[in-house]
Amino acid sequence: MKKQLLAAILTTMGMVGLTYSQNAMFQATPEPTVRQQISETQK
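Conventions used here
- Think of each chain on its own: its residues are numbered from 1, step by step along the sequence as written.
- Residues qualify for local features only when their pLDDT is at least 70, as the model is predicted, and side-chain atom pairs are given and counted only at 80 or more; totals for whole chains, interfaces and linings, by contrast, use all residues.
- Remark: hydrogens and water are excluded; side-chain values derive from all non-hydrogen atoms of the structure.
- Secondary structure counts use DSSP, requiring at least four H or I residues in a row for a helix and at least two E residues in a row for a strand, with both numbered from the N terminus.
- For each residue, the accessible area found with a 1.4 Å probe, counting protein chains only, is set against the maximum for its type, and the residue is called buried under 20%, exposed over 50%, and partly exposed in between.
- Computed with the Shrake-Rupley method and a 1.4 Å probe, the accessible areas treat only the protein chains shown as cover for residues.
- Patch building starts from residues that exceed 30% relative accessible area and form no salt bridge, then joins like charges within 9 Å and nonpolar side chains (Val, Leu, Ile, Met, Phe, Trp, Tyr) within 5 Å.
- Any carboxyl oxygen of Asp or Glu that lies within 4 Å of a side-chain nitrogen of Lys or Arg is treated as forming a salt bridge with it.

Trainee: Explain the overall build of the chain residue by residue, including any values.
Mentor: A count of helical and extended segments in the chain gives two helices and zero strands. Out of the 43 residues belonging to the chain, those deemed buried represent 0%. Split by element, the accessible area of the chain, about 4,500 Å² in all, is 65% carbon and sulfur.

Trainee: Lay out a nonpolar patch on the surface in plain terms, naming residues and giving numbers.
Mentor: Taken together, Leu5, Leu6, Ile9, Leu10 and Met13 make up a surface patch of nonpolar side chains, about 510 Å² in accessible area. By secondary structure assignment, the location of Leu5 is in helix α1 (residues 2–28). For Leu5, a relative accessible area of 53% puts it in the exposed group.

In structure tokens form, the structure reads like this:
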């Protein structure tokens, strides 16, 4: 019983950590806004 509980906790923590790292990765490279794209296109 203890081993199953420990495995479930570790799995949950790993999934939360993976989700957090993916979100941080996507936020690290902000996409240009529509206004910036229009400005660049007009130049």
